[in-house]
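# Fold and geometry: a report
Residue-level listing of the chains:
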Amino acid sequence: MHPLRARLRALRPAAFGADPSGARWERIRRSPNFSDGSFQNPQGAVTRPSNGSMVEFAKIYFQKEARALRSPVGPVPVHPTTLAELAKPPASGLRLTWMGHSSVLAEIDGRRVLFDPVWGERCSPFSFAGPKRLHPVPVPLAALGPVDAVVISHDHYDHLDLPTIRSLASTDTVFAVPLGVGAHLERWGVAADRLRELDWQESTRIAGLTLTATPARHFCGRGLRNQQHTLWASWAVAGPEHRIYHSGDTGYFPGFAGIGAEHGPFDATMIQIGAYSDYWPDIHMTPAEGMRAHLDLQGGHPSGVMLPIHWGTFNLAPHPWAEPGEGTVDAAAEAGARIALPRPGEPFEPASPAVPSGLWWRAVATAPARGWAAAAGADASEVAPTA
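Everything numeric in this text was worked out from a predicted model, so none of it was measured.

## What about the pairing of strand S11 (residues 234-238)?
Within S11, five of the five residues are buried, which leaves it mostly tucked inside the rest of the structure. Of the strand pairs in this sheet, strand S10 (residues 209-214) and S11 are connected by five bridges, and their pairing is antiparallel. Note on S11: the bridge partner recorded for Thr214 is Ser234. As judged from the four bridges shared by S11 and strand S12 (residues 243-246), these two strands associate in the antiparallel manner.

## Structural notes on the nonpolar core
The biggest cluster of nonpolar side chains holds 69 residues, and the ones touching the most others in it are Leu96, Phe115, Leu211, Trp235, Ile244 and Trp361. Core analysis: the second largest hydrophobic core is formed by 29 residues, Leu114, Cys123, Val150 and Trp188 among them.

## Looking at the side chain of Gln298
Summarising the element assignment, Gln298 is placed in the loop between helix H9 (287-297) and strand S14 (305-309). By relative accessible area, which is 4% here, Gln298 ends up buried. A distance of 3.0 Å separates a polar side-chain atom of Gln298 from the backbone oxygen of Ser303. Not counting chain neighbours up to four residues away, the residues in contact with Gln298 comprise Pro265, Phe266, Ser303 and Gly304.

## Looking at the sheet that holds strand S4 (residues 103-108)
Read from one edge to the other, the open sheet built from seven strands follows the order S8-S7-S6-S5-S4-S3-S16, with strand pairing classed as mixed. Edge positions in the sheet fall to strand S8 (195-198) and strand S16 (347-348), since each of these pairs with one other strand and no more. Bridge count for strand S6 (residues 149-151) against strand S7 (residues 174-178) is three bridges, and the pairing is parallel. Within S7, the position partnered with Ala149 by the bridge is Val174.

Procedures and definitions
- Residues numbered from 1 in each chain as written.
- Predicted model: local features only at pLDDT ≥ 70, side-chain atom pairs only at ≥ 80, totals over all residues.
- Heavy atoms only, no water.
- Buried < 20%, exposed > 50% of the residue type's maximum accessible area, 1.4 Å probe, protein only.
- Helix = DSSP H or I, 4+ residues; strand = E, 2+ residues; numbered from the N terminus.
- Pairing = 2+ DSSP bridges.
- Core = buried A, V, L, I, M, F, W, Y, C linked by side-chain atoms within 4.5 Å.
- Polar contact = N/O pair within 3.5 Å; in protein donor to acceptor, adjacent residues only side chain to side chain.
- Contact = heavy atoms within 4.5 Å.

Right, dumping it as structure tokens:
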């Protein structure tokens, strides 16, 4: 590397992470998913608005009336007794606790897996700018207790958070990450022997669980340039008795069916249903697409429980704040699928006859002009059947 370039890299903010190099870079270059100098999607994807549509997007995004709909009008209800409930082991052997956005604590067959933990106040490289959290974290990270594995889907700021990783670096947890992402973690203090860095379709064993990096349709990047040198992934986790799936960020693609056939069926899926837009339709799913992905993963049948994620915590797209929740309710009613609608921090067991089903966001969201009843075609008892 040129000495000047090396000095400039040393000066960049820690939150930007580090570029893959050495043996890690050579492994990336050998990946079947890397060609023409970057990682490739399983299906072509446009990752950002064109220059022309960016102007149109900005007009919509900053319009006063639209901005009012993108945030809650009061405090988001956070579950008040999370730690007390987590102190008791799950009766069924599987329990999920959505901490907000894509952060989920999964207790599976006596082990604990933390997906995409983001405890920071902003998903941004800067403490003074960028999307700010719309509700507090349900529990302090230090109070959460031991975690066997931390799983990262990709390196965007709303999934890979520097303050959170630095806190977890001082524990004994093992990190499962997509290929290339380990460079960021090593710069932030995670020892190399605690990293399990995987390409798509590779698996690792951690504490008796099998974790497999599965394909997703998205992109990567933390710095000023996006070179697509770190991979993005969804994840299948299998224990002796249970199987779960976390989508990370992804656009819809036909590969969900193959993931389900090889690694499912799943007792629960955690599916991205927020931060979508017509300006980037290939890289984030709408609620209807998220439900379609859930069905694909389950062999075309509405089995298991779907937990909607990637919504409610940060304002990242032009759609109204409550729209992902309402859209998921509609999609579940149409498909006859079971969904869980927990408040942030509310633990639930997918095998329970009654998973959380209250439409909690309505108390703090601006209702659409036609009203809530018309916005959602079914009530909570219809969309979350108990059998």
